[in-house]
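# Chain and residue survey
One letter stands for each residue in the lines below.
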Amino acid sequence: MVFANRTVSEAAPTYDAVVIGSGYGGGVSCSRLARMGLKVAVVEQGRLWRPGDFPTTTKARRKNMRFTGRVPNLGNQTGLYSLSVGKGLTVFSANGLGGGSLINAGVTMRPDLARLRKFGWPAEVLDDGRFVEGFSRAETMLGVGAVPEPQKFGKYHGMKRLADAAGTSLTLPTMTISHRPGPNIAGVLQYACRYCGDCWSGCNIGAKNTTGITYVADAVDHGAEVFCESRAQSIAKTETGWEVVVQDLTKKRTTKRIEAKILVLAAGTMGTNELLLRAQKKGLKLSK
């Protein structure tokens, strides 16, 4: 699998499905839709980040920061880091092929089904077995596992002493990190984790199992087309499906209109709601 670094200027005018965003929601969606044999386009505002590309200095990270919200809109639209400042709430997110999976710690925890049930999740979702099966599939795709030799880290021994003193056991968190070199489930070659701690700012080793090199790579292998540095500006309902207006954020600065029967909004909490609210202003009927 080889990613072609393409922008929306090269996109076709119509697809079976358009997926906006390439993080966890967009990654899973484009993989499943492509495996169904549909013609799929993935639109990602950020750029394609490869191992070795991620910023490692304060200056470089500042250059790749974007500010929005209750502050002046400043910074690089395709920069890796995005900070949206709101009233009482600030959101830190990522732009790039892989979305938030590029800059999180990669820690994975299954939710407690009893707590979900307590907070109103319907039994039809929780009790048919497919919900739990979905977690198993995601863990396989993302190469989830615990650190193989935790005893070589001082933090582990400190936490174990605390657990022993409290009379409880120590549970190792599982993570989306590769600890052995080789091809992953999507056929992408990866190196083993060196425990540098740069999961948060972007893994330059190539050991982190982001959605870009798992789900999106799988989608590409099944015919999906990926367009980076391409910002979805608006969505609108049509007689046959949806129209998406996308801006090429490279020097071309062109605008492309794409139509599709299926539209998946997976641009994160901020990006997805921004698109929905814009569409609502133009007449799209939405729930409160």
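How each quantity is defined
- Residues numbered from 1 in each chain as written.
- Predicted model: local features only at pLDDT ≥ 70, side-chain atom pairs only at ≥ 80, totals over all residues.
- Heavy atoms only, no water.
- Helix = DSSP H or I, 4+ residues; strand = E, 2+ residues; numbered from the N terminus.
- Expected span 1.5 Å × (residues − 1).
- Buried < 20%, exposed > 50% of the residue type's maximum accessible area, 1.4 Å probe, protein only.
- Arc of directions from axis to C-beta.
- Contact = heavy atoms within 4.5 Å.
- Pairing = 2+ DSSP bridges.

## Examining helix α8 (residues 268–281)
Helix length check: α8, at 14 residues, gives a terminal C-alpha distance of 20 Å against a target of 20 Å (1.5 Å per residue), a fit within 8%. For α8, the complete set of buried residues consists of T272, L275 and A279. The buried residues of α8 occupy an angular sector of 65 degrees when the element is viewed end-on, so they sit on one face. Opposite the buried face of α8, at more than 90 degrees from it, the exposed residues are T269, L277 and K281. Considering only its buried residues, α8 is in contact with β1 (14–20), β12 (230–237) and β14 (255–265). Once α8 finishes, G283 follows within two positions and takes phi at roughly 110 degrees, a positive value.

## Re the environment of L275
The topology assignment puts L275 in helix α8. Given a relative accessible area of 4%, L275 falls into the buried group. For the pair L275 and V188, spaced 87 residues apart in the sequence, the C-alpha separation amounts to 32 Å. Beyond its immediate stretch of four places on either side in the chain, L275 contacts I20, A232, Q233, S234, I235 and L265.

## Thoughts on the pairing of β1
The buried fraction of β1 is high, at five of seven residues. Where β1 meets β14, six bridges bridge the pair, whose relative direction is parallel. What sits directly across from V18, in β14, is L263. In terms of strand pairing, β1 meets strand β2 (residues 40–43) through four bridges, oriented parallel. Within the sheet, the bridge partner assigned to I20 lies in β2 and is V43.

## Concerning the sheet that holds strand β3 (residues 65–69)
Spatial strand order, β4-β3-β5-β6: four strands in an open sheet with mixed pairing. The open sheet is flanked by β4 (74–75) and β6 (90–94), the only strands paired with a single partner. Taken together, the five bridges between β3 and strand β5 (residues 81–85) define a ladder with parallel strand orientation. For T68, the partnering residue across the bridge sits in β5 and is S84.

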